[in-house]
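For reference, the chains in residue letters:
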Amino acid sequence: MESAKVHHMTPEQPAFMAKVPNNKALMLDEKLLFEQSTKGRMGVDLPALKGTKSRTGLAERAKVGLPEVSEPQVVRHFVRLSQKNYSIDGGLFPLGSCTMKHNPRLNEKMARLPGFARIHPMQPDSTVQGALALMHDLSHWLTTLTGLPGITLTPAAGTHGELTGMMVIRKAHEAAGKPRKIVLVPDSAHGTNPATAVTCGYTTYPIPTNEKGHVDMAAFTKAVDELGEDIAAFMLTNPSTCGLFEPDIKNIADKLHSIGAWFYCDGANFNAIVGKVRPGDLGVDVMQFNLHKTFSTPHGGGGPGCGPVVVSQKLIPYLPVPRVEKKGNTYSVVTKDATSIGRIKGFNGQFGMMVRALTYMLSHGADGLQKVAEDAVINANYILAHLKDTYHVPFKSTCMHECLLTDKRQKETGVTTMDIAKSLIEHGYHPMTVYFPLVVQGAMLIEPTETETKETLDEFIATMKKIAWDAANGNADALHANPVSAPARRLDEVRAARQPVLRWQTA
Ligand SMILES: Cc1ncc(COP(=O)(O)O)c(C=O)c1O
């Protein structure tokens, strides 16, 4: 009987879920709560609990009632749900800026080794020498690749790394007895940059992007000359969110240093230049890594991830604790340092991510990492070269790891970036990043990463051309309606964010 019901369920709502009553029942009922807690679900009296207050969770269970289902039903329900998700393991994930990189299975194997997976952060240093050695080795790789000698591994994501880096900068200005007020941020920046600066108590000052997609040097120079020693730092992403390498980066660094400001580089796009350029040689003082974007750890949606920060020599005293030190052949965790900004996370950070990142580095070797950067750039340029006659390209140079297109041509027939993205879903792809960077109208930012084959890129290019062909040949209505066969069609994203329905409602 049960399986017959399951057979007739709608794709969205399995039959057994219909047994879950209206979510008004989630309201706390203290009396019922008490009865349930003292009686137990099997009707057994539990006198020892009499008079104790039950927890909210029990009340919810009592009133909602758990559905009676078999194990295969539960398994099938969750497997079905998981199949509705699109993942990098299922197909190309061309999100620009957010870099969905393949997670090698070898990383997972290493992270699960009992010697790594089963240790506890409170174990004495002498019992975790292997883990500390791994952190030390990872630090060595990251400082060597960037030419920046100080490092912390503790931040939990790129954004957390940004915050840590800017706290280090703030502390350095305070230590010099000259707290400052302003952080320069390009108008093409990822939203986390201005958010970080403001969280650190700074006012942000926007620097415009020029017609080539680079920092407008005239505006930058004017800002530095006018605001002078009020400027604490410039937060610049390089390669930029327009997918371009900043040609004036050394001049920018020199100008900032001339007024005692620090140069913060958002290293989210480091994948494009690993082993090719060292940010330290360009004059960068602080840079965060997004290990998931460059070193293939799983994308943690802000955590549990890992966003190490590297700094130039003068900023080392302000780095957070704890940090790993090596004396002779022994590793130890330093937890106190008078000049440090202190702790920014529990224990030593996300150790499992560190294992994965180092595994990735060691399995590629230094020359292999260089090849990764080259392939990431070649793949993005391959897409750009094949789509530049079909879609409008706002900046006419070759790109780095991601290419930027717009909907300018398709808009002539009423088809927008949103329609193109939704049509990609209909064709079985996750869309590219849309409407970012904000400085480009109708932006479509495409990042294929280095692991995609030519065949995959060709299929994607053909799909993008087909969508453009539909737009130009009277099929605009079909594009406006897409996606028609996805589990969810066009969502009211504002309402979904403001009034989320977190569970099934039956009434
Ligand atoms: C340029 C840039 N900076 C910072 C971030 C934030 O990184 P995370 O997602 O690790 O917090 C991103 C994330 O997509 C990014 O693209």
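Residues numbered from 1 in each chain as written. Predicted model: local features only at pLDDT ≥ 70, side-chain atom pairs only at ≥ 80, totals over all residues. Heavy atoms only, no water.

### With respect to helix α14 (residues 417–426)
Selection rule: A 1.4 Å probe rolled over the protein chains alone gives each residue an accessible area, and that area as a share of the maximum for its type sets the label: buried under 20%, exposed over 50%, partly exposed in between. The helix count covers DSSP runs of H or I at least four residues long, the strand count covers runs of E at least two residues long, and both are numbered beginning at the N terminus. We call two residues contacting when some pair of their heavy atoms lies within 4.5 Å.
Most of α14 sits inside the fold, with 7 of its 10 residues counted as buried. Within α14, burial applies to T417, D419, I420, A421, K422, S423 and L424. In this structure, the buried side of α14 is in contact with β11 (433–434), β12 (443–446), α15 (454–472), α16 (476–481) and α17 (493–498).

### So, the pairing of strand β10 (residues 403–406)
Rule in force here: At least two bridges found by DSSP between two strands is the condition for calling them paired.
Because side chains alternate across β10, one face comprises the buried residues C403 and L405, and the other comprises L404 and T406, equally buried. In terms of strand pairing, β10 meets β12 through 4 bridges, oriented antiparallel. By the bridge assignment for β12, T406 is matched with A443.

### A word on the side chain of D470
As for its position among the elements, D470 is in helix α15. The exposure class assigned to D470 is buried, which follows from its relative accessible area of 8%. Contact partners of D470, with chain neighbours within four places excluded, come to N475, A476 and L479.

### Concerning the site of the ligand
We apply this condition: Nearness of a residue to a molecule or strand requires only that one of the residue's heavy atoms be within 4 Å of it. Throughout this description, a polar contact denotes any pair of N or O atoms lying within 3.5 Å of each other; where both atoms belong to protein, one of them has to be capable of donating a hydrogen while the other can accept it, and for residues adjacent in sequence the pair is counted only when both atoms sit in side chains. Here the accessible surface of atoms and residues is derived via Shrake-Rupley with a 1.4 Å probe, and residues count as covered only by protein chains that are part of the display. Residues are grouped as follows: nonpolar covers Ala, Val, Leu, Ile, Met, Phe, Trp, Tyr, Cys and Pro; charged covers Asp, Glu, Lys and Arg; every other residue, Gly included, is treated as polar.
Near the ligand, the surroundings consist of 14 residues, among which S97, G158, T159, D266 and N290 are the closest. The separation between an oxygen atom of the ligand and a polar side-chain atom of S97 is 2.7 Å. Between the ligand and G158 there is a distance of 2.8 Å, counted from an oxygen atom to a backbone nitrogen or oxygen. Considering the ligand on its own, with 390 Å² of exposed area, one finds that the protein chains cover 94% of that surface. Broken down by secondary-structure element, the contributors of at least two residues to the shell around the ligand are α8 (158–175) and α12 (291–294). With 3 residues, α8 is the single largest residue contributor to the shell around the ligand. For the shell around the ligand, the per-class residue count stands at 3 nonpolar, 8 polar and 3 charged.

### As for the packing of helix α7 (residues 129–146) against helix α13 (residues 351–387)
To be explicit about the condition: Helix axes use the C-alpha atoms of the stretch in contact, all axes being lines fitted to C-alpha atoms, and the angles between their N-to-C directions lie in the range 0 to 180 degrees. Our angle categories are set so that under 35 degrees counts as roughly parallel, over 145 as roughly antiparallel, 65 to 115 as roughly perpendicular, and the remainder as oblique. Each crossing gets its hand from how the near helix is turned against the far one by less than a right angle, where anticlockwise is left-handed and clockwise is right-handed.
Packing of α7 against α13 leaves a shortest axis separation of 10 Å and a crossing angle of 50°. Taken together, the axis directions place α7 and α13 in an arrangement best described as oblique. As for the relative orientation of α7 and α13, their crossing is left-handed in sense. Residues A131, L134, M135, D137, L138, W141, L142 and L145 of α7 lie in contact with α13, whose contacting residues are F351, M354, V355, A357, L358, M361, L362, G365, A366 and L369. Residues of the contact of α7 with α13, tallied by class, amount to 16 nonpolar, 1 polar and 1 charged.

### Looking at the sheet that holds β10
Sheet strands pair by backbone hydrogen bonding; their relative direction is either parallel or antiparallel. Overall, antiparallel pairing links the 3 strands, which are arranged β10-β12-β11 in an open sheet. One side of each edge strand has no neighbouring strand; the edge strands of this open sheet are β10 and β11.

### Concerning the pattern of salt bridges
Quick reminder of the rule: Only one rule defines a salt bridge in this text: a Lys or Arg side-chain nitrogen within 4 Å of an Asp or Glu carboxyl oxygen.
Summed over all chains, the structure comprises 17 salt bridges. With its nearest N and O atoms 3.1 Å apart, the salt bridge here joins K371 to D375. Taken as a pair, K371 and D375 lie in helix α13 at a separation of 4 residues, close to a single helical turn. One network of salt bridges, with partners in common, ties together R323, E325, K327 and D337.

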